[in-house]
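Read off the chains here:
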Amino acid sequence: MTRRRWMMLMLAGLALAAVVLPAVAQAGRHPDRPSRVLIIMLDQARPDTIERYGMKNVQALQKKGTSFPNALVGHMAAETVISHNVITSGQFPKHMGWSNEVHRDVDGVLGTPGDFYVTSSMSCNQYKALIEHGGYKKLPDYLDDRFGETSKFVTIAQKRSAVCPAGPTSSGAGDGTATDPEDIILQIRGSSATTCDGLSGWRSPEDANPPAPDYFDLATPCNRWWTWQGSPAYGTGSILPARIYPLEGNRFVPGRDPAHLGGDVWSADAAIRVIQNDPGWRGMLVSLGGIDKMGHMWGPEDEETGPSGSDQEMRHMPFIAKTADEQVGKMVDALKTRGVLDETLVVITADHAAQTGREFNGRFDTFPPGVPDMNGCDPATGSTGLRSDCNWYYGRDADEVYLDPSPAIAGLRDALGGNLRFSYQDGHIGTWLSDQSRASREEAAKALLDLPGVIASYRLNDAEDNYRLAGVNRMELRELLWFLRHGNELVDTMAAPYGPDAVALLKTDVTYGVMGDHGGHNRIVQNIPMVFSGPGVGSKDSNREIRLVDVLPTILETMGIDYDKRDLDGRAVRLGR
Ligand SMILES: [Zn+2]
């Protein structure tokens, strides 16, 4: 062949490629690239939770996909209400609009500037307003970019503090009221108790606007999606340490009513209902809250169980972890049956892990006999609330009062002479001050060093975008090494004008709220399971310390969706091939 004919053939080939390749690309389906993503959050699961309780379906996905045994939460506060937005936004809490359980509404997004809010009890519209004010895109927006405005994003959970941060998308209206009408936001616990089959204590689910699709039939009273959520339940109102945070009927456990199974079964069934009825879904986040509830009540290493079918079995971790695992298997089977498993990226992770209160600095005394009053704890009015809430929070906002703290926090309040406006304490301590001067912040950080279990304390810097180490206490070598590697970087992720003025880090296995607690920098709180499985994802594990903030860009890269790296705090991690 002459050189000239070679050239002609090359040119012809290039011309043909120019015509054919865009057509192939436009056809959309890349056989090696997922076109859907299902994120399953095992709330409060640790890597050892999966081994300890033999979660076989999760283990099968770990084996099939790319698993990250050293995955980290990667931010503080390491809590449900923070992490569920980090994972769908790729933003650190300092850029999200809220960064802790307590929020100082500096910009007046929710009302009067400077007012306080307990974020876990905010409404979906309040989260939406903060997200819109933050002005960042979320996973549902990127899926709309790629697959069209009619693609659906679905969030399902047993907690509003999971479903609302994970789900809402910005409509650009700026009023926090409009959501993409295609999306679904559904959680098990509507705001008011009701009666069903002549029994009280029932709840209908809450579908944050827009309303859930007709195939959920929520207008029919007492249908499958209604569950009994009376409190306390399954004996947890009278046993320590569980009774300070007892079960609410079948909100976090399945119960025994086959027509109204609750807990993680409810969430998985709702997800499967969507998979079966709604081919238009592109993204789904299902948050399973059972492991979290058991971990809070008993500690994350709870191994107690009871006779099959007993209350004792129902209220402990082995049964609930097994239940969660079965739901993972059910959802994967539903994808397979519907013929979409080979186009779905499945991500399994946790919003935070937990440590056990071997040194517990909360109080165990609990509400007087009768149904607990959820409105707070106020010795002045005699109002009593769940002891867990009175341990976790100190302070008051427009509708909640927490003024009956543990002795340790009462000591902090007294040491600060009236300057302690709000505090939150679980596996870390965050304090918000009335006087926010540098001297006040330094004084608070210093006072925190005197509290039990504290290993280090920080104050917010003058620019309110970083923390400055104020002091350290003695710590064991292993603790010191982890603190040196990760302490500063984790604390800094929540530095914002709305974040705490002073922060204390705690020793491993010290808690202030309940027996099993989250929130802090400790390795045992930060190390979470993380697995990606799906088309084009290999089975080689990675030792990288992937963080929750990295999940969004990793999903986008894996699905071939464009994004601007400068918009995100997270970085894409290459999955095994
Ligand atoms: Zn959580």
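The structure presented is a predicted model; accordingly, all values stated were derived computationally and were not measured.

K.L.:
What's the story with the overall build of the protein in this structure? I'm lost.
P.N.:
Secondary structure assignment for the protein yields 18 helices and 25 strands. Across its three principal axes, the protein shows a C-alpha extent of roughly 95 × 60 × 45 Å. Taken over 577 residues, the protein has a buried fraction of 60%. Look at the contacts in the protein between residues 6 or more apart in sequence, and 71% of them connect residues 24 or more apart. Split by element, the accessible area of the protein, about 22200 Å² in all, is 51% carbon and sulfur.

K.L.:
Explain the packing of aromatic side chains here, please?
P.N.:
Taken as a whole, this structure holds 10 aromatic pairs when the rule is applied. Ring geometry for Trp225 versus Trp266: centroids 5.9 Å apart, planes at 85 degrees, classification edge-to-face. Here Trp225 is found in the loop between strand 9 (206-207) and strand 10 (227-228), whereas its partner Trp266 is found in helix 9 (residues 263-277), with 41 residues between them in sequence. Each member of the pair, Trp225 as well as Trp266, carries the same accessibility label: buried. With centroids separated by 5.3 Å and ring planes inclined at 85 degrees, the aromatic side chains of Tyr245 and Trp392 adopt a geometry described as edge-to-face. With Tyr245 in the loop between strand 10 and helix 9 and Trp392 in helix 13 (residues 387-392), this residue pair connects regions lying 147 residues apart in the sequence. Residues Tyr245 and Trp392 agree in their burial class; the two are buried. Three or more aromatic residues link up through ring pairs in this structure, and these residues are Tyr215, Phe216, Trp225 and Trp266.

K.L.:
Explain the layout of surface pockets here, please?
P.N.:
In this approach a probe as big as a water molecule rolls over the atoms, and the regions it shows empty are the leftover space. Taken as a whole, the second largest pocket spans an internal volume of roughly 340 Å³. Considering the residues around the second largest pocket, the lining is formed by Glu476, Arg478, Glu479, Leu481, Trp482, Arg485, Lys507, Thr508, His521, Asn522, Arg523 and Ile524. Among the secondary structure elements, those contributing two or more residues to the lining of the second largest pocket are helix 16 (477-492) and helix 17 (523-526). When residues in the lining of the second largest pocket are grouped by element, the largest group, 5 residues, is from helix 16. Across the lining of the second largest pocket, the residue classes break down as 3 nonpolar, 3 polar and 6 charged.

K.L.:
So what exactly am I meant to see when it comes to a nonpolar patch on the surface here?
P.N.:
A cluster of nonpolar side chains, Leu477, Leu480, Leu481 and Leu484, forms an exposed patch at the surface whose accessible area comes to about 400 Å². Relative to the helices and strands, Leu480 is located in helix 16. The partly exposed category is assigned to Leu480, whose relative accessible area is 31%.

K.L.:
Mind showing me how you'd approach the coordination of the zinc ion here?
P.N.:
Reference values for coordination geometry: four tetrahedral donors around a metal ideally subtend 109.5 degrees, six octahedral donors ideally subtend 90 or 180 degrees. Here the zinc ion is held by the protein donor atoms Asp43 (OD), Thr80 (OG1), Asp351 (OD) and His352 (NE2), which lie 1.9 to 2.1 Å from it. Of note, the donors binding the zinc ion are all from one chain and are spaced D-x36-T-x270-D-H. You'll find Asp351 and His352 in the same group, each marked buried.

K.L.:
Any chance you could explain the confidence of the model for the protein here in plain terms?
P.N.:
Interpreting fine coordinate detail is not advised for predicted regions of low pLDDT. Considering every residue of the protein, the mean pLDDT works out to 91; 90% of them sit at 70 or more. Scored below 50 in pLDDT, residues 14-28 makes 2 contacts in the model with residues more than four places away or belonging to other chains.

K.L.:
Looking at this structure, I do not really get unusual backbone geometry. What am I missing?
P.N.:
Outside of glycine, negative phi angles account for most residues, and trans bonds account for most peptide bonds. Across the junction of Met76 and Ala77, the peptide omega takes the value -5 degrees, indicating a cis bond. As for its position among the elements, Ala77 is in the loop between strand 2 (66-67) and helix 4 (80-89). Between Ser231 and Pro232 the backbone carries a cis peptide bond, its omega angle lying at -10 degrees. Positive phi, normally seen in glycine, also occurs at Tyr234, with a value near 55 degrees.

K.L.:
Which parts of the structure should I look at to understand the nonpolar core?
P.N.:
Most often, soluble globular proteins keep nonpolar side chains buried together rather than apart. In terms of nonpolar packing, the biggest core is built from 128 residues, with Phe532 and Ile555 touching the most fellow members. For this core, the element with the highest residue contribution is helix 12 (residues 317-337), accounting for 9 residues. Listed in part, the 20 residues of the second largest apolar core include Tyr394, Ile429, Ala447 and Leu451.

K.L.:
I would appreciate a short explanation of the sheet that holds strand 21 (residues 467-472) in the present structure.
P.N.:
One key point about sheets: their strands pair by backbone hydrogen bonds, in either a parallel or an antiparallel sense. As summarised here, the arrangement of the 8 strands in space is 15-17-16-18-19-22-20-21, forming an open sheet in which the pairing is mixed. Every other strand in the sheet has two partners, leaving strand 15 (376-377) and strand 21 as the edge strands with one partner each. Pairing between strand 20 (residues 454-460) and strand 21: 5 bridges, direction antiparallel. Bridge pairing links Leu460 to Tyr467 in strand 21. Along the sheet, helix 15 (residues 438-448) contacts strand 19 (428-433), strand 20, strand 21 and strand 22 (502-506); its crossing angle with strand 20, the most-contacted strand, is approximately 170 degrees.

About the criteria used
Residues numbered from 1 in each chain as written. Predicted model: local features only at pLDDT ≥ 70, side-chain atom pairs only at ≥ 80, totals over all residues. Heavy atoms only, no water. Helix = DSSP H or I, 4+ residues; strand = E, 2+ residues; numbered from the N terminus. Buried < 20%, exposed > 50% of the residue type's maximum accessible area, 1.4 Å probe, protein only. Contact = heavy atoms within 4.5 Å. Areas by Shrake-Rupley, 256 points an atom, 1.4 Å probe, with all protein chains shown as cover. Phe/Tyr/Trp six-rings, centres within 6.5 Å; stacked < 30°, edge-to-face > 60°. 1 Å grid on protein atoms, 1.4 Å probe; cavity = no way out; pocket = protein on both sides within 12 Å on 5 of 7 lines; lining within 4 Å. Points joined across faces, edges and corners; volume = space filled by probe spheres on them. Nonpolar A, V, L, I, M, F, W, Y, C, P; charged D, E, K, R; others polar. Patch = residues over 30% accessible without salt bridge, like charges linked within 9 Å, V, L, I, M, F, W, Y side chains within 5 Å. Salt bridge = Lys/Arg side-chain N within 4 Å of Asp/Glu carboxyl O. Donors = N, O, S within 2.8 Å, 3.2 Å for Na, K, Ca; no water. pLDDT = per-residue confidence, 0-100. Core = buried A, V, L, I, M, F, W, Y, C linked by side-chain atoms within 4.5 Å. Pairing = 2+ DSSP bridges. Axes fitted to C-alpha atoms, helices over the stretch in contact; angles between N-to-C directions.

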